[in-house]
Every structure is written in structure tokens, then in C-alpha cells.
Amino acid sequence: MENKQTTLQGWALVIASFTVVFAFSTVDHAISPLVEWLSAFFQIGQAHTLWLISSCTAGIVLGLFVGPQLLKTAPVSYSIWASLAMMAGGIWVFVSVPHFIVALTSRFVFGLGAGLFSTLLWWLAYETIDKRFYIPMITVLTAARPMAVAAGVPLVLYGGNSFGWRPAFAVMGALAAIFCFIFGLAAPKDNKAKTPFTLRALMDTYQTAWKTQHLRPFFTAMFINRLCYFGFYSMLGIWFIEHYHLNTIELAKPLVAIGLCETAINFVVPILMKIGKKPLFYGAILLNVLAFACFAWGKLSLGLTIALIGLFAMTDRIYNMLLLVFIPDIFSSSTDRTTIGSLVTLVSWGSLLFVSWGEGMFLSHIGVNPVSAFLLITLVLGFGCYIRLLRRSIWK
């Protein structure tokens, strides 16, 4: 009976985790393709709507930054219910109050809850969930976001066309809240001793992690490299409008195709690894650069462009999943895996915060193609940093 209860609890956590990540990723990624509607609703320039991405990402970064220390300070249940309140409250205010400054603030609060929940997922995957559910949890962490692009965002677009974007966002917010509540009910007990929360304790957590061998070059490479991927996704709606003159509803079909490519590859990577992790990594980054360099300028046919963006998304998943596999070997001396895992998300979203803010500030002044050129440079530079690190650590 106890084993059956543990199994039910494990699957409840996996399903709840997937659904929450799917819902808040949908709400976040829907901003870019909705630039026309949001620009008209808030009466701002299209490029400035990208600050709705930046404000949410700033909240996520803060939530991820303080999350590991909060778990050492207070019962995990406190973080779960705080995350639930911030995500539900943030989305409710966002869809209820038609003022841009209020929208930016509510998006920050929503992101703060999402960032805290992301820390909980790393805690669950690395420290507490039954080992039978480790692989399903890793799949959740890698596949839920692309599933949101493939299914969630198009649903918001079609729902927004029929009922308005605000009810569509509200449905996703309710979905996140309901399954966050289920997550709270099924979460394992937290029996670890707690320490008081202080700024010094928070900084000590990261100072200790910062001293870990190879950590600084690894996360520097990650920050630079992710500027391209997140930068392109941030301006995706504007990019398609500029180059292919698609309207908001027409953006749904390319997103479905791209999202399906990015989702499917998560389940193929374990098979591809049989050819060898090192050659697979080199092959993935080469195809990634070539694909982006071909489609970034919007000169190809729409069908070929969507295919190349799909290839770009798939190869991005391949090398990033390989990096997750490499992490235990790269940081073999680390004893705080929750903080390392949280840093993966923290640095990635920090990259998104930086690039989406920059695009919101400069995109309307310099144009799409110069931004694409900048993103290509960061992609190549990031790969160079990764290769140098891997050759000095696990590929000696």
C-alpha cells in the first residue's frame, strides 16, 4: 500500500510540475507573437511590448536567486504557497488592469512566483523525488517549455482571436494555480534543519558556488550563448511581421511546427547519444550556427524558413540537454546541486532579461537585421567559450 501511495504521489508531482511549467511558459512565450494586440491594447510601440518579457524575466531571476536560500530557511510548503499566490495574483492583475506600468509590475510578480517554483523543481528533481521519477522529472524540465510553444501559445492565439487575449491568459493562469495547488498537496515532507534567512547567508550560498571549479567559465559561456536563442524568440513576432508580413493568427501555424520540432527532439536525444556525446555535441552546434545564419535575414521562402527555425530549435535542445548531462562531471566537486541547477535557469533567464530589454530599447531604432547579426555573433562566441571549457574539464 505504501509503495502504491508513493507511486501515485510521484506521478502527481510529475504531472503537476509539467502542467505548471507548461502554463507559465505559455503565458510568457505568448507575449512575442501577441505584439500587435498588446501594442494596441496598451497604446505603446510594438518593440516596447517586449518589456513585458523583461519584467517577467526580472521576477524569475529574483525568484531563482533567493529560492535556494529560502528552501534552507523556511519549510518548503511556504515557498509552494507563496509561488501559487504570486502566479495567480500576478496574472489576475495583468488581465484586469489596462495600464502598462501596472502590467509591468504584475508581470514581475508573476515571474517572481514562477522563478520560485523553478527552484522547487530543481530541489524536487535533485534531492527529494523517488529515483524512479528522476528521468520523468528531467523530461518535464526540458520538454514542458517547448510544448508550451507548440500547443499552449497557439491555443492562446486562437482563443484570443475568439474571446480576447485576456480570457485566454486567465485560463492559463488558472491552470498554473490549480496544478501548483496539487503540487503543494503531493510535495514530499521537508525534514531538513533550517537556518535563519539573512543577506549574508544568501550571499554565502552563491560565494560558495562561485568558488566551484569551472563554474564561472561555464555560466559565462551559457549567458553569451543564450542571448541568440532567447533574443530570437523575444522578437519572433516582430521578425515574422517584418520579413513575411504575417498577422497574429497566422503566427500560430509556424509556432506549432517549431514547437513540435523542439518537443519531439527531447525524446530522441537519448537515442542520438549512442553515436557518442562529443561528436553529437559538435554536430549539433555546427548545424545550429548554419541554420541560424541561413534563416536570420528573412530571405528564404516561408516554408524553408520554418524548417530551418525548427532545425535551429532542435539542435539547441540537443546541445543543451548534453550540457545538463555533462554538469555532474564538470562540477564533480560541488555538494550543492540545487544551487547549481538553479543557476542553470537563473543564468539562462538573466540572458533573456538582458536581451529582451535591449531589443525593447533599440529594435525600433536599428532594425531587425542588425539585431540578428548581433545574435549570430553571440551564438558563435558562446560556442567558442563552451568548447574551450569542455576541453579543459571533461575532454582533456
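Residues numbered from 1 in each chain as written. Predicted model: local features only at pLDDT ≥ 70, side-chain atom pairs only at ≥ 80, totals over all residues. Heavy atoms only, no water.

Further remarks concern the environment of Ser342. Topologically, Ser342 is positioned in helix 14 (residues 337-366). Separated by 21 residues in sequence, Ser342 and Leu363 have C-alpha atoms that sit 30 Å apart. Here Ser342 is in contact with Leu64, Pro68, Thr119 and Trp122, once residues within four sequence places are set aside. (Helix = DSSP H or I, 4+ residues; strand = E, 2+ residues; numbered from the N terminus. Contact = heavy atoms within 4.5 Å.)

This part covers helix 9 (residues 215-234). Here helix 9 spans 27 Å end to end across 20 residues, near enough to the 28 Å set by a 1.5 Å rise per residue. Counting buried residues along helix 9, 16 of its 20 residues qualify, which places the element largely inside the surrounding structure. (Expected span 1.5 Å × (residues − 1). Buried < 20%, exposed > 50% of the residue type's maximum accessible area, 1.4 Å probe, protein only.)

This paragraph deals with helix 4 (residues 76-96). In this model helix 4 runs 30 Å from its N-terminal to its C-terminal C-alpha over 21 residues, within 8% of the 30 Å that 1.5 Å per residue would give. Listing the buried residues of helix 4 in full gives Val76, Ser79, Ile80, Ser83, Leu84, Met86, Met87, Gly90, Ile91, Phe94 and Val95.

The next point concerns the environment of Gln43. By the secondary structure assignment, Gln43 is in the loop between helix 2 (35-42) and helix 3 (51-73). The class for Gln43 is exposed, based on a relative accessible area of 73%. The sequence separation of Gln43 and Cys385 amounts to 342 residues, and the corresponding C-alpha distance is 41 Å.

The angle between the axes and the distance between the axes are what describe a pair of packed helices. Where helix 9 meets helix 13 (residues 302-330), the axes come as close as 12 Å, and the angle between the chain directions of the two elements is 160°. Comparing the axis directions of helix 9 and helix 13 gives the class roughly antiparallel. Crossing of helix 9 over helix 13 shows left-handed handedness. For the pair helix 9 and helix 13, the contacting residues are Phe218, Asn225, Arg226, Cys228, Tyr229, Phe232 and Tyr233 in the first and Ile309, Phe312, Ala313, Asp316, Arg317, Tyr319, Asn320, Leu323, Ile327 and Ile330 in the second. Split into classes, the residues belonging to the contact of helix 9 with helix 13 amount to twelve nonpolar, two polar and three charged. (Axes fitted to C-alpha atoms, helices over the stretch in contact; angles between N-to-C directions. Parallel < 35°, antiparallel > 145°, perpendicular 65-115°, else oblique. Left-handed = near helix turned anticlockwise from the far one by under 90°. Nonpolar A, V, L, I, M, F, W, Y, C, P; charged D, E, K, R; others polar.)

Bringing a nonpolar patch on the surface into the picture now. Taken together, the side chains of Trp81, Ile178, Phe181, Ile182 and Leu185 define a hydrophobic patch exposed on the protein surface, amounting to about 480 Å² of accessible area. Here the nonpolar patch gets four residues from one element, more than from any other, and that element is helix 7 (residues 165-186). Counting through the fold element by element, Ile178 comes out in helix 7. (Patch = residues over 30% accessible without salt bridge, like charges linked within 9 Å, V, L, I, M, F, W, Y side chains within 5 Å. Areas by Shrake-Rupley, 256 points an atom, 1.4 Å probe, with all protein chains shown as cover. Salt bridge = Lys/Arg side-chain N within 4 Å of Asp/Glu carboxyl O.)

When the pLDDT values of the chain are averaged, the result is 87; 98% of them are 70 or greater. Across the chain, the secondary-structure element scoring lowest on mean pLDDT is helix 8 (residues 199-210), at 76, and the one scoring highest is helix 12 (residues 277-295), at 96. (pLDDT = per-residue confidence, 0-100.)

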